[in-house]
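# Notes for the structure review
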Amino acid sequence: MFSDIGGLELLTLAVLAVLIFGPDKLPKLIQDVTRTIRKIREFSDSAKQDIRSELGPEFKDFEFEDLNPKNFVRKQLAEHGGDDLGLKEIRESFDLREELQEVTDVVNGKARPAVRTPTDEPGAEAPKADLTKKPETARATAPANLRKEERPVFDPDTT
C-alpha cells in the first residue's frame with residue numbers, strides 16, 4: 001500500500017504528526033487508528049466468508065482478487081496455456097515497430113507503402129490505404145485560389 005514511501009518521507013510524516021497532535025495525544029491516536037483498521041479487516045473477512053458460503057461448494061476456489069480484470073485474464077491464460085486462443089500467432093503476425101516505421105516513412109515522405117492485393121499471398125488482408133493521397137472531400141473543400149500542388153498555410157494558433 002505504501003511501497004513508494006521512503007525513509008525520509010516516513011520520518012517527515014512522523015515529525016509532522018508529533019507537531020500537529022502533540023506527544024501526549026499521538027499514542028492514543030495511533031491506537032485508535034490501528035483498532036479501526038483491525039475492525040475494517042475483520043468486517044471485510046467476515047463479508048468474504050459470508051459470500052463464499054452463500055455461493056455454495058462449486059465456488060470454493062473463488063478468490064476475490066480474481067475480480068480484478070488483470071488477474072482474471074492472467075489466471076485464465078495460465079490455465080488454458082494461451083495457445084488455444086491463438087495469441088502466439090497474433091503476436092508473431094503483428095509487428096508494431098514495422099507498422100509504426102511504415103507510417104512514419106509515409107508521413108515524412110520517404111517512401112510509399114507497397115499496396116498489397118489479397119491475391120498476393122494467401123491469408124493476406126485487404127490493401128492498405130495510401131496516406132500520401134488527399135481524400136476527394138479535402139480537394140473539394142480546398143480554397144479556390146490554391147493550386148493542387150500547394151498546401152494551405154499552417155497556423156498553429158487556429159488549430
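Residues numbered from 1 in each chain as written. Predicted model: local features only at pLDDT ≥ 70, side-chain atom pairs only at ≥ 80, totals over all residues. Heavy atoms only, no water.

### Quick look at the overall build of the chain
- Looking only at helices and strands, the chain has five helices and zero strands in total.
- Shown N-terminal to C-terminal, the secondary structure of the chain runs as helices and strands in the order α-α-α-α-α.
- Counting all 159 residues of the chain, 6% fall into the buried class.
- Within the chain, counting contacts between residues at least 6 apart in sequence, those at least 24 apart form 11% of the total.
- On the chain, roughly 14,600 Å² of surface is accessible, and the fraction owed to carbon and sulfur atoms is 59%. (Helix = DSSP H or I, 4+ residues; strand = E, 2+ residues; numbered from the N terminus. Buried < 20%, exposed > 50% of the residue type's maximum accessible area, 1.4 Å probe, protein only. Contact = heavy atoms within 4.5 Å. Areas by Shrake-Rupley, 256 points an atom, 1.4 Å probe, with all protein chains shown as cover.)

### Here we look at the pattern of salt bridges
- Counted according to the given criterion, the structure contains two salt bridges.
- A salt bridge links Asp32 to Lys28, with the shortest nitrogen-to-oxygen separation between them at 3.3 Å. Note that Asp32 and Lys28 are positioned in helix 1 (residues 7-55) at a spacing of four residues, about one turn of the helix.
- Lys28 gets classed as partly exposed once you look at its relative accessible area, which sits at 48%.
- A salt bridge links Arg35 to Asp32, with the shortest nitrogen-to-oxygen separation between them at 3.1 Å. Placement of the pair is Arg35 and Asp32 together in helix 1, with a separation of three residues, close to one helical turn. (Salt bridge = Lys/Arg side-chain N within 4 Å of Asp/Glu carboxyl O.)

### So, helix 1
- With 49 residues, helix 1 should reach 72 Å at 1.5 Å per residue; the first-to-last C-alpha distance of 44 Å falls well below that figure.
- At Gly22, helix 1 is deflected by roughly 105°, the largest bend along its length, and proline Pro23 occurs up to four residues later in sequence.
- A positive phi of about 100° marks Gly56, the residue just after helix 1. (Expected span 1.5 Å × (residues − 1). Bend = angle between axes of the 7 residues up to and from the residue.)

### Overview of the confidence of the model for the chain
- Averaged over all residues, the pLDDT of the chain is 75; the fraction at 70 or higher stands at 66%.
- Here helix 5 (residues 136-141) stands out as the least confident element of the chain, with mean pLDDT 49; helix 1 is the most confident, with 91. (pLDDT = per-residue confidence, 0-100.)

### Observations concerning helix 4 (residues 96-108)
- The end-to-end C-alpha distance of helix 4, which contains 13 residues, comes to 18 Å, matching closely the 18 Å that a straight helix rising 1.5 Å per residue would cover.
- Downstream of helix 4 by a residue or two, Gly109 has a phi angle that is positive, lying close to 80°.

### With respect to a nonpolar patch on the surface
- Taken together, Ile5, Leu8, Leu10, Leu11, Leu13, Val15, Leu16, Leu19, Ile20 and Phe21 make up a surface patch of nonpolar side chains, about 1,000 Å² in accessible area.
- Mapped onto the elements, Phe21 comes out in helix 1.
- With relative accessibility at 41%, the residue Phe21 sits in the partly exposed group. (Patch = residues over 30% accessible without salt bridge, like charges linked within 9 Å, V, L, I, M, F, W, Y side chains within 5 Å.)

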